[in-house]
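Summary of structural features
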Amino acid sequence: MKPLKLVIVGAVAGGATAAARARRLDERAEIVLFERGDYISFANCGLPYYVGETIRDRDQLLVTTPQALTKRYRIEVRTATEVLAIDRAGKRLQVKNLKDGSSYQEHYDKLILSPGAEPLRPAVARTDLEGIFSLRNIPDTDRIKAFVDREQPRSAVVVGGGYIGLEMVENLVKRGIQVAVIEMAGQVMAPLDPEMAALAHSHLVENGVQLKLNTGVSGFSRTGGQIIVQTSDGNELACDMVLLAVGVRPESALAVTAGLDVGERGGILTDAAMRTSDPSIFAVGDAVEVKDFVSGHPVMIPLAGPANKQGRIAADNALGRASCYRGTQGTSIVKLFNLSVATTGLNEKTVQHAEIPYLTSYTDGQSHSSYYPGSELMMLKLLYSPADGTLLGAQIVGGKGVDKRIDVLATAIRGRMTVFDLEELELAYAPPFSSAKDPVNVAGFHAVNILKGDVRCVHWHELHDFTPETTVLVDVREADELEKDGEIPGAFNIPIDELRERITSLDRRRTYILICLAGLRSYVACRIFAANGLDCYSLSGGYGLWKHVMKNDAVSA
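Since the model is a prediction, treat every value here as computed from it, not as a measurement.

Some remarks on the packing of helix H1 (residues 12-25) against helix H8 (residues 304-318)
Direction vectors running N to C along H1 and H8 enclose 35 degrees, while the axes themselves pass 7 Å from each other. Crossing angle aside, the handedness with which H1 passes H8 is right-handed. Note on element contacts: H8 touches H1 through Ala304, Ala307, Asn308, Gly311, Arg312, Ala315 and Asp316, opposite Ala13, Gly14, Thr17, Ala18, Arg21, Ala22, Arg24 and Leu25. Across the contact of H1 with H8, the residue classes break down as seven nonpolar, four polar and four charged.

In structure tokens, the structure reads:
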């Protein structure tokens, strides 16, 4: 039997993984990998850290080279080569050698498309000015780092508050540059819910970053050696360099021209086998539209982890081994100075769009036992089904240990687990690593308390739903805490240890909202109130979360 010929268009995470997997499955197959650039596999997520000089050796960004892939896997790698068109009927590709300009045709039996995505650029004038950059690949990184090394800029504007933009913010600040972020939305990091993003906003401001939210860019110009950024609110920012990080769009033009089906946002449509509308053509990575694991709705989530898995699955199916991609849940994490910001599954916007009933709860936790030195706080948010407690999504913002907990919660979502299961998870404990009640367990306890009716919660945005004539805010923290950290206007103070002695003096006709720093003491207070026949709610997330949200309003303004 004639060996199968597999052609892969585009390398990096999806394409290079598919090529290596295909060779491990079939030693006889003819495998050709086309890549438009010179680099076939590099650490996209590490690029900002090379600019910031956390990673000093540029070669560490290269996962593999064409020579290494050819030597180990006997794959024919053709860099600086662009595929211009697909003849699906004849199973031929129109190919151009970018070095000498020559063109030729290449036959395939099976084809895997991994074209990736390209950075968006604002539809405004002069984005081509010297000193304005985008960051997507190794050459982009080289240009940015060379500029910073040579020009030693003192100020920069980052347009866009997504993952790459915020990672570049930290690394530019590390290079001694004053940074301003312009974000059209009311928050950074769109996968986060607004109140969780507020925690990130506070931390960015604390590290000297200027945030301009709800603000777009209307144009660029040059004056006196500086770039002038004109903003949608009629103001101007002068700076020495600009990074455009407003998002990406799928490079699906090749698929569109070939008549393959694409979604509303331009992503190549694939089934669970990563097969396109043509049974001989598969597609993977940032250019494809897949199913959301939780909601089942179509999504485009440009992350390296899913791209690698999709490449492996596409290779399996192209070579005849049945393999299934069950969906993407968008698990991600980003480092912001001393803060870790992580998310998995659905957020409130997506769960509402999917019309899935849900409840939310907030808890805080320590990265490890508080009595062991170096423990750091984290805030956890869960979204779960009110019917059976099935976990729908989770977000965590905090210091050390966030990565461990988001991975546990991502695994729980993948296993269709409930908040009742989170209560019972047996997680590793020793004082340097965790607590006997891990933050994941505590998040489960709180959610289960809500489901069982042991406590009723009100959230930060619901406080205005209660009228002062019928509702009383009671802060159960100690008086010195209120003096140090502040308090919600209109609340009066009864320290939790004095509640039982003073509860008989309270008006039983009123509803009480109980407040503490994070929600634990207010839950205990609610149990005391309920046992004494008073109508009460606990402020989930406590004063700590409320305070950051109010700070965020000030930043947005």
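Some remarks on the pairing of strand E18 (residues 241-244)
Where burial is concerned, the two faces of E18 agree: the one with Met241 and Leu243 and the one with Val242 and Leu244 are both buried. In terms of strand pairing, strand E11 (residues 132-134) meets E18 through three bridges, oriented parallel. Within the sheet, the bridge partner assigned to Ser134 lies in E18 and is Leu244.

Digging into the environment of Arg265
Checked against the element boundaries, Arg265 lands in the loop between helix H7 (253-257) and strand E20 (268-269). When near neighbours in sequence (up to four residues on either side) are disregarded, Arg265 contacts Pro250, Glu289, Pro298, Val299 and Met300.

Examining the nonpolar core
Leu382, Leu409, Tyr512 and Phe529 are the most contacted members of the largest nonpolar core, which totals 47 residues. For this core, the secondary structure elements donating two or more residues are strand E27 (377-384), strand E28 (391-398), helix H10 (402-414), helix H11 (419-424), helix H12 (439-451), strand E30 (471-475), strand E32 (511-515) and helix H15 (520-531). Counting residues per element, this core draws most heavily on H10, which supplies six residues. Discounting chain neighbours no more than four positions away, the residues touching Leu382 are Leu359, Thr360, Ser361, Leu391, Gly393, Ala394, Leu409, Val419, Leu422, Ala443, Gly444 and Ala447.

Focus on the pattern of salt bridges
A full pass over the atoms with the stated rule returns 33 salt bridges. In this structure, Glu170 engages Lys335 in a salt bridge whose closest nitrogen and oxygen atoms are separated by 2.3 Å. A residue pair is termed long-range when its members are at least 10 positions apart, and Glu170 in helix H5 (residues 163-174) and Lys335 in strand E24 (residues 332-336) qualify at 165 residues. Owing to a relative accessible area of 10%, Glu170 belongs among the buried residues under this scheme. Taking the relative accessible area as the measure of exposure, Lys335 reaches 38% and is therefore partly exposed. A salt bridge links Arg405 to Asp438; the shortest N-O distance between them is 2.9 Å. Residue Arg405 is found in helix H10, and its partner Asp438 is found in the loop between H11 and H12; the two are separated by 33 residues along the sequence. One salt-bridge network, held together by shared partners, links Lys5, Glu30, Glu76, Arg78 and Glu106.

How each quantity is defined
Residues numbered from 1 in each chain as written. Predicted model: local features only at pLDDT ≥ 70, side-chain atom pairs only at ≥ 80, totals over all residues. Heavy atoms only, no water. Axes fitted to C-alpha atoms, helices over the stretch in contact; angles between N-to-C directions. Helix = DSSP H or I, 4+ residues; strand = E, 2+ residues; numbered from the N terminus. Left-handed = near helix turned anticlockwise from the far one by under 90°. Contact = heavy atoms within 4.5 Å. Nonpolar A, V, L, I, M, F, W, Y, C, P; charged D, E, K, R; others polar. Buried < 20%, exposed > 50% of the residue type's maximum accessible area, 1.4 Å probe, protein only. Pairing = 2+ DSSP bridges. Core = buried A, V, L, I, M, F, W, Y, C linked by side-chain atoms within 4.5 Å. Salt bridge = Lys/Arg side-chain N within 4 Å of Asp/Glu carboxyl O.

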